[in-house]
Amino acid sequence: MKDKIFDRPIVKGISVTVPKERVIVKDLKFDGVNMEETIQLTGIKELRRVPSNMTTTDYCINSAERLFETLDIKPSEIDGVVFATPLGDYLTPGSGYIVQERLNLSSNCIIVDINQACAGYVNGLFQAFMLIQSNYCKNVLVCAGDTASGINPKDKSMQVLIGDAGVTTIVSCGDETTKSAFSFYNEGQSFRALYTPAGGKRMPIKHGVTDVEEVDAQGNVHTLQDPHMDGLEVMAFALAAAPKAIKNLFGIMDWTKDDVKVYALHQANKTILNALTKRLRIPADKVPISLTYYGNTAAASTPLTLCLENSNTNGGGQWDKAVLCGFGNGLACAAAALDLSKTYFSEVYEL
């Protein structure tokens, strides 16, 4: 298992930006939905929403510019960009190229785009770590996030969950040996549990066909162009996959669950977080929560959680053993064991 350990890359800094606009969940109105009960189940009281003229890329670029200034890194020093989001600025090219253009990065910069939501950040880190470990790159931007603009406004199950955010991380080649590892657990055969049917080559968008609204068994309204989610199947996957991926990390790194200082788990909802905490048999105070006032921010949720927890506790300097785990569409689960003791964490910025 030692051949799966990275020893060169380090997470130099993480910066997160969220929209200024707040959506108060209890003020949302859906027929047959008791918002107080919904808040109890999800743990989400507020969400952030991007303006119609903004995208995840705008928030990631804001985060990147702040990192450049804080860490004294020039755009010219960036030689790789990894961007993880299920909803890019355009159908093609991927948003990584937009980042390259707007930040005026080198033409020799390697660009990797990942069509991934909740597991996207950890998958993005993995790609960056491989670029650093292989000596192709020295400094890689990892951008991740999502917006709720792709969700049908009548889909009550997702409108009360999904928040908007953009996060950027700089992964660099360290001066000292720093051990890290990744673990994955995927079930592509269950991809229909969380997917958007129309918009690709398999099902092109067609007026009067793919934009017709339908009501599912739970009373959620969506078209074939909107994300579809089987919440129970996604939850069952998360509760099975995340513990397996995390325990595999312990074997690779020769850690015990008690060695870990912080578990940054994807902020799906309070019910799943509580269940995973019990299943992993870890103290609740090692599992920080950010969803209360930001919601499920998809690929941005784990780094947002770390930044918020660091601001609240000044804990980042103590996180020499940290576990990150994201799970969602794919169905995909990705986990990372990292040393974050020297990582810079921004406050949660608003734009």
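As shown above, the structure is provided for reference.
Per chain, residues are indexed from 1 in the order of the written sequence. Two thresholds apply to this predicted model, a pLDDT of at least 70 for residue-level local features and 80 or more for giving and counting side-chain atom pairs, whereas whole-chain, interface and lining totals are computed over all residues. As a convention, hydrogens and water are excluded, and side-chain values are obtained from all of the structure's heavy atoms.

### Describing the sheet that holds strand β7 (residues 165–173)
And step 1. Two strands are said to pair when DSSP picks up at least two bridges between them. Runs of H or I in DSSP of at least four residues are treated as helices and runs of E of at least two as strands, each being numbered from the N terminus. Reading across from one edge, β5-β4-β6-β7-β1-β16 is the order of the six strands in this open sheet, with mixed pairing throughout. Among the strands making up the open sheet, the edge pair consists of β5 (110–114) and β16 (344–350). If you compare each strand with its neighbour and ignore which way they point, the axes differ by 15 degrees on average.
And step 2. Bridge count between strand β1 (residues 9–18) and β16: five bridges; the pairing is parallel. By the bridge assignment for β16, Gly 13 is matched with Tyr 344.
And step 3. We call two residues in contact whenever any of their non-hydrogen atoms come within 4.5 Å of each other. To get an axis, fit a line to the C-alpha atoms, keeping to the stretch in contact for a helix; angles then go from 0 to 180 degrees between the N-to-C directions. Running at roughly 140 degrees to β5, helix α3 (residues 95–102) makes contact with β4 (80–84), β5 and β6 (139–146) of the sheet.

### Some details on the pairing of β4
In summary, the side chains of a regular strand alternate between the two faces of the sheet.
And step 1. Here's how the labels work: a residue is buried when its accessible area is under 20% of the maximum for its type, exposed when over 50%, partly exposed in between, all with a 1.4 Å probe on protein chains only. Counting buried positions along β4 gives five out of five residues, so the element sits mostly inside the fold.
And step 2. Taking every second residue as pointing to the same face, both faces of β4 are buried, with Gly 80, Val 82 and Ala 84 on one and Val 81 and Phe 83 on the other.
And step 3. Of the strand pairs in this sheet, β4 and β5 are connected by five bridges, and their pairing is parallel. When the sheet's bridge partners are listed, Gly 80 is paired in β5 with Ile 110.
And step 4. Note that the unit made of β4, α3 and β5 has a crossover that is right-handed.
And step 5. Pairing geometry for β4 and β6, over five bridges, is parallel. By the bridge assignment, Gly 80 is partnered in β6 with Val 140. When the strands point away from the viewer and the connection leading from the first strand across the helix to the second strand turns clockwise, the crossover is called right-handed.

### Some details on helix α6 (residues 231–253)
Spacing of three or four residues puts side chains on the same side of an α-helix, whose turn is 3.6 residues.
And step 1. If you check α6, its first and last C-alpha atoms are 32 Å apart, about what 23 residues at 1.5 Å a residue would give, namely 33 Å.
And step 2. Backbone geometry just downstream of α6 places Asp 254 in the positive-phi region, at approximately 60 degrees. To estimate the expected span of a helix, count its residues, drop one, and scale the result by 1.5 Å.

### Points about the packing of aromatic side chains
And step 1. Aromatic pairs are defined between Phe, Tyr and Trp rings, using the six-membered ring for Trp, whenever the two ring centres lie within 6.5 Å; interplanar angles under 30 degrees are classed as stacked, those over 60 as edge-to-face, and all others as tilted. In total, this model carries nine aromatic pairs according to the counting rule given.
And step 2. Judged by centre distance (5.6 Å) and plane angle (90 degrees), the rings of Phe 6 and Phe 182 are edge-to-face. On the criterion of sequence distance, the pair formed by Phe 6 in the segment before β1 and Phe 182 in strand β8 (residues 181–186) is long-range, its members being 176 residues apart.
And step 3. Residue classification places Phe 6 among the buried residues on the basis of a relative accessible area of 9%.
And step 4. A residue is classified by how much of its surface remains accessible, and Phe 182, at 6% relative accessible area, is buried.
And step 5. With centroids separated by 6.3 Å and ring planes inclined at 40 degrees, the aromatic side chains of Tyr 185 and Phe 237 adopt a geometry described as tilted. Here Tyr 185, found in strand β8, pairs with Phe 237, found in helix α6; they are 52 residues apart in sequence, far enough to count as distant.
And step 6. Assessed through its relative accessible area of 25%, Tyr 185 is described here as partly exposed.
And step 7. These aromatic residues form a ring-pair network of at least three members: Phe 6, Phe 126, Phe 129, Phe 182 and Phe 184.
And step 8. Here, a charge over a ring means that NZ of Lys or CZ of Arg falls within 6 Å of the ring centre while also lying within 35 degrees of the ring normal. The ring of Tyr 349 carries Arg 66 above its face, with NZ or CZ at 3.7 Å from the centroid.

### Quick notes on the sheet that holds strand β14 (residues 322–328)
And step 1. Reading across from one edge, β8-β15-β14-β13 is the order of the four strands in this open sheet, with mixed pairing throughout. Single-partner strands in this sheet number two, and they are β8 and β13 (262–265). Strand after strand, the sheet turns through a mean of 15 degrees between neighbouring axes, direction not considered.
And step 2. Sheet topology places β13 next to β14; four bridges connect them, and they run parallel. If you follow Leu 265 over to β14, its bridge partner there is Cys 325.

### Some remarks on the pattern of salt bridges
And step 1. The term salt bridge refers to a side-chain nitrogen of Lys or Arg lying within 4 Å of a carboxyl oxygen of Asp or Glu. Enumeration over the complete set of coordinates arrives at ten salt bridges.
And step 2. As a salt-bridge pair, Lys 154 and Glu 213 come within 3.0 Å of each other at their nearest N and O atoms. Here Lys 154, found in the loop between β6 and α5 (156–159), pairs with Glu 213, found in the loop between β9 (194–195) and β10 (214–215); they are 59 residues apart in sequence, far enough to count as distant.
And step 3. Owing to a relative accessible area of 44%, Lys 154 belongs among the partly exposed residues under this scheme.
And step 4. Among the charged side chains, a salt-bridge network with shared partners connects Arg 22, Glu 46, Arg 48 and Glu 350.

### Focus on the environment of Val 99
And step 1. Counting through the fold element by element, Val 99 comes out in helix α3.
And step 2. Residues Val 99 and Asp 31 lie 68 residues apart in sequence; the distance between their C-alpha atoms is 41 Å.

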